[in-house]
Amino acid sequence: MKTPTELKSILSRYKTPEEIEKILDIIEDIHVARKGKNMVILGHNYMPPEIYYGISDYTGDSLALSRIAAKTNADIILFNGVYFMAETAKILNPGKKVLISDKTAGCSLAESVNAQILRDFRQENPGIPIVSYINTSAEVKAESDVICTSGNAAIIIDRIDSDTVFFIPDVYLARNAQKQTRKKIMFWNGKCMVHELFSETDISLARKTFPNVQVVAHPECKPEVTAVSDYTGSTSQIEKYIEQYKPGKVLLLTECSMGDNIRGLHPEVEFVSSCQICPYMHRITLEGILKSIKEEIYEVTIDEKIIEKAARALNKMFELGS
Ligand code: 13P
Ligand code: SF4
(Lines give C-alpha, C1' and ligand atoms only; values in the text may rest on other atoms or scores of the structure.)
(Ligands and ions follow the chains in the order given, each with its own letter.)
Protein backbone atom coordinates (compact mmCIF):
# COMPACT_ATOMS: atom_id res chain seq x y z
CA MET A 1 0.00 0.00 0.00
CA LYS A 2 1.28 3.50 -0.80
CA THR A 3 1.00 6.55 1.42
CA PRO A 4 -1.47 9.26 0.30
CA THR A 5 1.46 11.39 -0.92
CA GLU A 6 2.93 8.55 -3.01
CA LEU A 7 -0.51 7.71 -4.39
CA LYS A 8 -1.13 11.37 -5.23
CA SER A 9 2.01 11.44 -7.33
CA ILE A 10 1.05 8.21 -9.19
CA LEU A 11 -2.50 9.44 -9.82
CA SER A 12 -1.39 12.88 -10.96
CA ARG A 13 -0.53 11.32 -14.37
CA TYR A 14 -4.19 10.55 -15.11
CA LYS A 15 -6.43 12.51 -12.73
CA THR A 16 -7.23 16.13 -11.98
CA PRO A 17 -6.43 17.51 -8.46
CA GLU A 18 -10.18 17.48 -7.67
CA GLU A 19 -10.52 13.84 -8.73
CA ILE A 20 -7.47 12.91 -6.64
CA GLU A 21 -8.90 14.61 -3.53
CA LYS A 22 -12.17 12.69 -3.99
CA ILE A 23 -10.29 9.39 -4.42
CA LEU A 24 -8.19 9.99 -1.29
CA ASP A 25 -11.36 10.76 0.70
CA ILE A 26 -13.03 7.48 -0.34
CA ILE A 27 -9.83 5.55 0.41
CA GLU A 28 -9.82 7.09 3.90
CA ASP A 29 -13.50 6.04 4.32
CA ILE A 30 -12.58 2.49 3.23
CA HIS A 31 -9.79 2.31 5.83
CA VAL A 32 -12.24 3.48 8.52
CA ALA A 33 -14.98 1.06 7.36
CA ARG A 34 -12.71 -2.01 7.48
CA LYS A 35 -11.34 -1.20 10.95
CA GLY A 36 -12.38 -3.85 13.49
CA LYS A 37 -13.23 -6.37 10.76
CA ASN A 38 -10.88 -9.34 10.31
CA MET A 39 -10.76 -8.68 6.57
CA VAL A 40 -8.14 -9.15 3.87
CA ILE A 41 -8.34 -7.08 0.69
CA LEU A 42 -6.96 -8.74 -2.46
CA GLY A 43 -6.35 -6.82 -5.68
CA HIS A 44 -5.63 -8.27 -9.12
CA ASN A 45 -2.83 -6.66 -11.15
CA TYR A 46 -5.49 -5.17 -13.49
CA MET A 47 -7.06 -3.03 -10.77
CA PRO A 48 -6.50 0.71 -11.28
CA PRO A 49 -3.76 2.29 -9.12
CA GLU A 50 -6.22 3.74 -6.58
CA ILE A 51 -7.38 0.17 -5.75
CA TYR A 52 -4.05 -1.58 -6.38
CA TYR A 53 -1.94 0.85 -4.34
CA GLY A 54 -4.60 2.57 -2.25
CA ILE A 55 -6.40 -0.26 -0.43
CA SER A 56 -5.04 -3.74 -1.33
CA ASP A 57 -3.30 -5.82 1.34
CA TYR A 58 -2.04 -8.19 -1.36
CA THR A 59 -1.79 -7.83 -5.13
CA GLY A 60 -0.83 -10.32 -7.82
CA ASP A 61 -1.89 -12.56 -10.70
CA SER A 62 -4.58 -15.24 -10.47
CA LEU A 63 -2.11 -17.85 -9.21
CA ALA A 64 -0.57 -15.67 -6.50
CA LEU A 65 -3.96 -14.45 -5.29
CA SER A 66 -5.40 -17.97 -5.14
CA ARG A 67 -2.38 -19.07 -3.09
CA ILE A 68 -2.91 -16.14 -0.70
CA ALA A 69 -6.65 -16.86 -0.53
CA ALA A 70 -5.89 -20.50 0.33
CA LYS A 71 -3.75 -19.48 3.31
CA THR A 72 -5.52 -16.48 4.80
CA ASN A 73 -6.68 -16.38 8.43
CA ALA A 74 -9.08 -13.51 7.76
CA ASP A 75 -12.82 -14.11 8.26
CA ILE A 76 -13.76 -11.90 5.32
CA ILE A 77 -12.04 -11.77 1.91
CA LEU A 78 -12.83 -8.75 -0.24
CA PHE A 79 -11.78 -9.61 -3.79
CA ASN A 80 -11.08 -6.79 -6.21
CA GLY A 81 -10.89 -8.47 -9.59
CA VAL A 82 -13.44 -10.35 -11.68
CA TYR A 83 -16.08 -12.81 -10.51
CA PHE A 84 -14.28 -16.09 -11.30
CA MET A 85 -11.40 -14.90 -9.09
CA ALA A 86 -13.72 -14.20 -6.14
CA GLU A 87 -15.36 -17.59 -6.73
CA THR A 88 -11.93 -19.23 -6.60
CA ALA A 89 -11.29 -17.57 -3.23
CA LYS A 90 -14.66 -18.92 -1.98
CA ILE A 91 -13.92 -22.46 -3.25
CA LEU A 92 -10.67 -22.39 -1.29
CA ASN A 93 -12.37 -20.90 1.80
CA PRO A 94 -15.90 -22.31 1.98
CA GLY A 95 -16.36 -21.23 5.61
CA LYS A 96 -15.41 -17.60 4.99
CA LYS A 97 -17.34 -14.63 3.74
CA VAL A 98 -16.07 -13.66 0.28
CA LEU A 99 -17.21 -10.31 -1.11
CA ILE A 100 -16.90 -8.78 -4.59
CA SER A 101 -18.28 -5.30 -5.07
CA ASP A 102 -19.80 -6.05 -8.50
CA LYS A 103 -21.01 -9.53 -9.27
CA THR A 104 -21.42 -8.66 -12.97
CA ALA A 105 -17.65 -8.33 -13.35
CA GLY A 106 -17.43 -11.30 -15.73
CA CYS A 107 -14.87 -12.50 -18.27
CA SER A 108 -15.26 -13.36 -21.97
CA LEU A 109 -13.26 -16.56 -21.44
CA ALA A 110 -15.33 -17.75 -18.47
CA GLU A 111 -18.49 -17.08 -20.48
CA SER A 112 -17.32 -19.11 -23.50
CA VAL A 113 -17.77 -22.53 -21.89
CA ASN A 114 -20.18 -24.28 -19.54
CA ALA A 115 -20.32 -27.44 -17.43
CA GLN A 116 -22.53 -29.35 -19.92
CA ILE A 117 -19.89 -28.98 -22.64
CA LEU A 118 -17.38 -30.67 -20.32
CA ARG A 119 -19.82 -33.47 -19.39
CA ASP A 120 -20.52 -34.12 -23.09
CA PHE A 121 -16.79 -34.16 -23.86
CA ARG A 122 -16.16 -36.74 -21.13
CA GLN A 123 -18.85 -39.01 -22.45
CA GLU A 124 -17.46 -38.85 -25.97
CA ASN A 125 -13.77 -38.99 -24.94
CA PRO A 126 -13.45 -41.19 -21.85
CA GLY A 127 -10.03 -41.06 -20.19
CA ILE A 128 -8.88 -37.70 -21.58
CA PRO A 129 -8.24 -35.32 -18.68
CA ILE A 130 -9.74 -31.85 -18.76
CA VAL A 131 -7.37 -29.02 -17.88
CA SER A 132 -9.31 -25.83 -17.20
CA TYR A 133 -7.89 -22.35 -17.14
CA ILE A 134 -8.70 -20.58 -13.86
CA ASN A 135 -10.78 -18.10 -15.93
CA THR A 136 -13.84 -20.38 -15.66
CA SER A 137 -16.95 -20.59 -13.47
CA ALA A 138 -17.11 -22.73 -10.32
CA GLU A 139 -19.43 -25.18 -12.17
CA VAL A 140 -16.87 -25.65 -14.93
CA LYS A 141 -14.06 -26.10 -12.38
CA ALA A 142 -16.17 -28.77 -10.70
CA GLU A 143 -16.23 -30.79 -13.96
CA SER A 144 -12.46 -30.41 -14.49
CA ASP A 145 -9.56 -32.67 -13.51
CA VAL A 146 -7.13 -29.88 -12.85
CA ILE A 147 -6.99 -26.09 -13.01
CA CYS A 148 -4.11 -24.01 -14.33
CA THR A 149 -3.32 -20.32 -14.63
CA SER A 150 -1.50 -18.28 -17.25
CA GLY A 151 1.63 -18.67 -15.11
CA ASN A 152 1.73 -22.48 -15.04
CA ALA A 153 -0.35 -23.84 -17.98
CA ALA A 154 2.46 -25.74 -19.76
CA ILE A 155 3.86 -27.13 -16.48
CA ILE A 156 0.46 -28.46 -15.38
CA ILE A 157 -0.16 -30.03 -18.82
CA ASP A 158 3.29 -31.65 -18.71
CA ARG A 159 2.79 -33.07 -15.23
CA ILE A 160 -0.66 -34.56 -15.76
CA ASP A 161 -0.61 -38.30 -16.29
CA SER A 162 -1.82 -38.50 -19.91
CA ASP A 163 -0.36 -37.91 -23.38
CA THR A 164 -3.46 -35.99 -24.49
CA VAL A 165 -5.43 -33.31 -22.63
CA PHE A 166 -8.49 -31.22 -23.38
CA PHE A 167 -7.65 -27.61 -22.54
CA ILE A 168 -10.49 -25.14 -22.02
CA PRO A 169 -11.44 -22.41 -22.73
CA ASP A 170 -8.61 -20.21 -24.08
CA VAL A 171 -7.48 -21.33 -27.54
CA TYR A 172 -4.55 -18.89 -27.58
CA LEU A 173 -3.23 -19.81 -24.14
CA ALA A 174 -3.52 -23.47 -25.22
CA ARG A 175 -1.65 -22.84 -28.47
CA ASN A 176 1.02 -20.86 -26.59
CA ALA A 177 1.36 -23.74 -24.12
CA GLN A 178 1.54 -26.19 -27.03
CA LYS A 179 4.87 -24.58 -28.02
CA GLN A 180 6.29 -25.70 -24.64
CA THR A 181 5.00 -29.25 -24.34
CA ARG A 182 5.02 -32.47 -26.39
CA LYS A 183 1.64 -33.48 -25.07
CA LYS A 184 -1.26 -33.38 -27.50
CA ILE A 185 -3.61 -30.53 -26.59
CA MET A 186 -7.23 -30.57 -27.74
CA PHE A 187 -8.52 -26.99 -27.89
CA TRP A 188 -11.73 -25.14 -27.12
CA ASN A 189 -12.34 -21.86 -28.94
CA GLY A 190 -12.62 -19.31 -26.10
CA LYS A 191 -10.81 -15.98 -26.39
CA CYS A 192 -10.04 -13.05 -24.17
CA MET A 193 -11.81 -10.06 -25.72
CA VAL A 194 -8.97 -7.80 -24.54
CA HIS A 195 -5.87 -9.76 -25.58
CA GLU A 196 -7.22 -10.95 -28.93
CA LEU A 197 -7.13 -7.31 -30.08
CA PHE A 198 -3.33 -7.17 -30.19
CA SER A 199 -1.73 -7.91 -33.56
CA GLU A 200 1.69 -8.43 -35.15
CA THR A 201 1.15 -5.06 -36.87
CA ASP A 202 1.09 -3.32 -33.44
CA ILE A 203 4.48 -4.87 -32.76
CA SER A 204 6.12 -4.11 -36.11
CA LEU A 205 4.89 -0.51 -35.98
CA ALA A 206 6.23 -0.06 -32.43
CA ARG A 207 9.59 -1.64 -33.38
CA LYS A 208 9.91 0.76 -36.31
CA THR A 209 9.04 3.82 -34.21
CA PHE A 210 10.97 2.83 -31.08
CA PRO A 211 14.01 0.75 -32.18
CA ASN A 212 14.97 -0.52 -28.70
CA VAL A 213 11.48 -1.27 -27.45
CA GLN A 214 10.94 -4.51 -25.48
CA VAL A 215 7.68 -6.20 -26.40
CA VAL A 216 6.05 -7.94 -23.46
CA ALA A 217 2.88 -10.00 -23.98
CA HIS A 218 0.37 -11.95 -21.92
CA PRO A 219 -0.13 -15.58 -23.07
CA GLU A 220 -3.82 -14.85 -23.79
CA CYS A 221 -2.48 -13.02 -26.89
CA LYS A 222 -2.44 -14.87 -30.23
CA PRO A 223 0.56 -17.21 -30.71
CA GLU A 224 1.49 -15.15 -33.80
CA VAL A 225 1.83 -12.17 -31.44
CA THR A 226 3.76 -13.97 -28.68
CA ALA A 227 6.08 -15.44 -31.36
CA VAL A 228 7.37 -11.95 -32.22
CA SER A 229 7.39 -10.64 -28.61
CA ASP A 230 10.51 -10.49 -26.44
CA TYR A 231 8.81 -11.98 -23.38
CA THR A 232 5.50 -13.70 -22.62
CA GLY A 233 4.20 -14.27 -19.10
CA SER A 234 1.37 -13.97 -16.60
CA THR A 235 0.75 -10.52 -15.15
CA SER A 236 3.04 -11.21 -12.16
CA GLN A 237 5.70 -12.75 -14.39
CA ILE A 238 5.58 -9.60 -16.54
CA GLU A 239 6.01 -7.48 -13.40
CA LYS A 240 9.06 -9.55 -12.36
CA TYR A 241 10.53 -9.37 -15.86
CA ILE A 242 10.34 -5.57 -15.87
CA GLU A 243 11.71 -5.46 -12.31
CA GLN A 244 14.68 -7.64 -13.32
CA TYR A 245 15.60 -6.15 -16.73
CA LYS A 246 14.33 -2.59 -16.28
CA PRO A 247 13.95 -2.00 -20.04
CA GLY A 248 13.96 1.65 -21.10
CA LYS A 249 10.91 1.33 -23.35
CA VAL A 250 8.19 -1.29 -23.19
CA LEU A 251 5.28 -2.17 -25.43
CA LEU A 252 2.96 -3.91 -23.00
CA LEU A 253 0.41 -6.17 -24.70
CA THR A 254 -2.08 -6.51 -21.88
CA GLU A 255 -4.64 -4.56 -19.85
CA CYS A 256 -4.04 -0.82 -19.36
CA SER A 257 -4.04 -0.69 -15.54
CA MET A 258 -1.15 -3.14 -15.49
CA GLY A 259 1.07 -0.51 -17.14
CA ASP A 260 -0.23 2.20 -14.78
CA ASN A 261 0.68 0.03 -11.78
CA ILE A 262 4.16 -0.91 -13.03
CA ARG A 263 4.80 2.76 -13.77
CA GLY A 264 4.13 3.39 -10.08
CA LEU A 265 7.00 1.04 -9.22
CA HIS A 266 9.33 1.96 -12.10
CA PRO A 267 8.70 5.53 -13.21
CA GLU A 268 11.90 5.31 -15.28
CA VAL A 269 10.30 2.75 -17.66
CA GLU A 270 8.52 4.31 -20.64
CA PHE A 271 5.40 2.49 -21.84
CA VAL A 272 4.81 3.13 -25.53
CA SER A 273 1.77 2.75 -27.74
CA SER A 274 -1.70 1.66 -26.76
CA CYS A 275 -3.00 -0.87 -24.26
CA GLN A 276 -6.54 -2.30 -24.02
CA ILE A 277 -9.12 -1.89 -21.25
CA CYS A 278 -10.98 -4.86 -19.74
CA PRO A 279 -14.52 -3.53 -19.24
CA TYR A 280 -15.22 -6.22 -16.63
CA MET A 281 -12.28 -5.33 -14.40
CA HIS A 282 -13.36 -1.70 -14.54
CA ARG A 283 -16.74 -2.47 -12.99
CA ILE A 284 -14.90 -2.59 -9.66
CA THR A 285 -14.90 0.92 -8.20
CA LEU A 286 -13.90 2.51 -4.89
CA GLU A 287 -17.54 3.54 -4.30
CA GLY A 288 -18.76 -0.05 -4.77
CA ILE A 289 -15.99 -1.38 -2.54
CA LEU A 290 -16.87 1.06 0.26
CA LYS A 291 -20.54 -0.02 0.15
CA SER A 292 -19.57 -3.70 0.08
CA ILE A 293 -17.31 -3.33 3.15
CA LYS A 294 -19.69 -1.14 5.16
CA GLU A 295 -22.73 -3.35 4.64
CA GLU A 296 -20.84 -6.63 4.13
CA ILE A 297 -22.82 -7.21 0.95
CA TYR A 298 -22.28 -8.72 -2.51
CA GLU A 299 -21.30 -12.05 -1.03
CA VAL A 300 -20.21 -14.92 -3.29
CA THR A 301 -22.27 -18.07 -2.68
CA ILE A 302 -21.68 -21.45 -4.35
CA ASP A 303 -23.46 -24.76 -3.91
CA GLU A 304 -21.54 -27.00 -1.44
CA LYS A 305 -21.26 -29.95 -3.86
CA ILE A 306 -19.81 -27.67 -6.55
CA ILE A 307 -17.31 -26.28 -4.03
CA GLU A 308 -16.19 -29.76 -3.05
CA LYS A 309 -15.59 -30.88 -6.65
CA ALA A 310 -14.04 -27.58 -7.79
CA ALA A 311 -11.69 -27.59 -4.76
CA ARG A 312 -10.41 -31.00 -5.86
CA ALA A 313 -9.40 -29.61 -9.27
CA LEU A 314 -7.79 -26.52 -7.73
CA ASN A 315 -5.90 -28.57 -5.14
CA LYS A 316 -4.68 -30.84 -7.95
CA MET A 317 -3.04 -27.74 -9.45
CA PHE A 318 -1.30 -26.96 -6.13
CA GLU A 319 -0.26 -30.63 -5.83
CA LEU A 320 1.20 -30.72 -9.36
CA GLY A 321 3.18 -27.74 -8.28
CA SER A 322 4.74 -24.51 -9.45
P1 13P B 1 -3.12 -13.46 -14.74
O2 13P B 1 -3.36 -14.73 -14.01
O3 13P B 1 -1.89 -13.47 -15.58
O4 13P B 1 -3.14 -12.31 -13.80
O5 13P B 1 -4.29 -13.25 -15.81
C6 13P B 1 -5.62 -13.09 -15.48
C7 13P B 1 -6.37 -12.49 -16.57
O8 13P B 1 -7.58 -12.45 -16.55
C9 13P B 1 -5.64 -11.96 -17.70
O10 13P B 1 -6.51 -11.44 -18.64
FE1 SF4 C 1 -11.28 -12.04 -18.84
FE2 SF4 C 1 -9.73 -10.93 -20.68
FE3 SF4 C 1 -10.83 -9.39 -18.81
FE4 SF4 C 1 -8.84 -11.10 -18.18
S5 SF4 C 1 -8.71 -9.31 -19.49
S6 SF4 C 1 -10.76 -10.80 -17.05
S7 SF4 C 1 -9.31 -12.80 -19.56
S8 SF4 C 1 -11.93 -10.55 -20.39
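As shown above, the structure is provided for reference.
Described below are features of the structure shown in this document. (Residues numbered from 1 in each chain as written. Chains lettered and ligands numbered in written order. Predicted model: local features only at pLDDT ≥ 70, side-chain atom pairs only at ≥ 80, totals over all residues. Heavy atoms only, no water.)

## Considering the packing of aromatic side chains
Counted according to the given criterion, the structure contains four aromatic pairs. Through a chain of ring-to-ring contacts, the aromatic side chains of Tyr-231, Tyr-241 and Tyr-245 assemble into a single cluster. (Phe/Tyr/Trp six-rings, centres within 6.5 Å; stacked < 30°, edge-to-face > 60°.)

## Brief notes about the state of the cysteines
Applying the stated criterion across every chain, the model contains one disulfide. The disulfide partner of Cys-256 is Cys-275, and the gap between their sulfur atoms is 2.1 Å. Given an S-S torsion of about 105°, the disulfide between Cys-256 and Cys-275 has right-handed geometry. Of this pair, Cys-256 sits in helix α13 (residues 256–265) while Cys-275 sits in the loop between β12 (270–271) and α14 (286–295), and the two are 19 residues apart along the sequence. Judged by relative accessible area, Cys-256 falls into the buried class, the value being 14%. Relative accessible area serves as the criterion here: at 31%, Cys-275 is assigned to the partly exposed category. Cys-148 forms no disulfide, and the closest cysteine sulfur to it belongs to Cys-107, at a distance of 13 Å. (Disulfide = S-S within 2.5 Å. Helix = DSSP H or I, 4+ residues; strand = E, 2+ residues; numbered from the N terminus. Buried < 20%, exposed > 50% of the residue type's maximum accessible area, 1.4 Å probe, protein only.)

## Quick look at the pairing of strand β7 (residues 164–168)
With five of five residues buried, β7 lies mostly within the body of the structure. As paired strands, strand β5 (residues 130–133) and β7 are joined by three bridges and run parallel to one another. Paired with Val-131 across the two strands is Phe-167, which belongs to β7. Pairing of β7 with strand β8 (residues 184–187) involves four bridges; the strand directions are parallel. What sits directly across from Phe-166, in β8, is Met-186. For the segment spanning β7, helix α9 (residues 171–178) and β8, crossover handedness is right-handed. (Pairing = 2+ DSSP bridges. Right-handed = clockwise from strand over helix to strand, strands pointing away.)

This is a description of form; function is not addressed.
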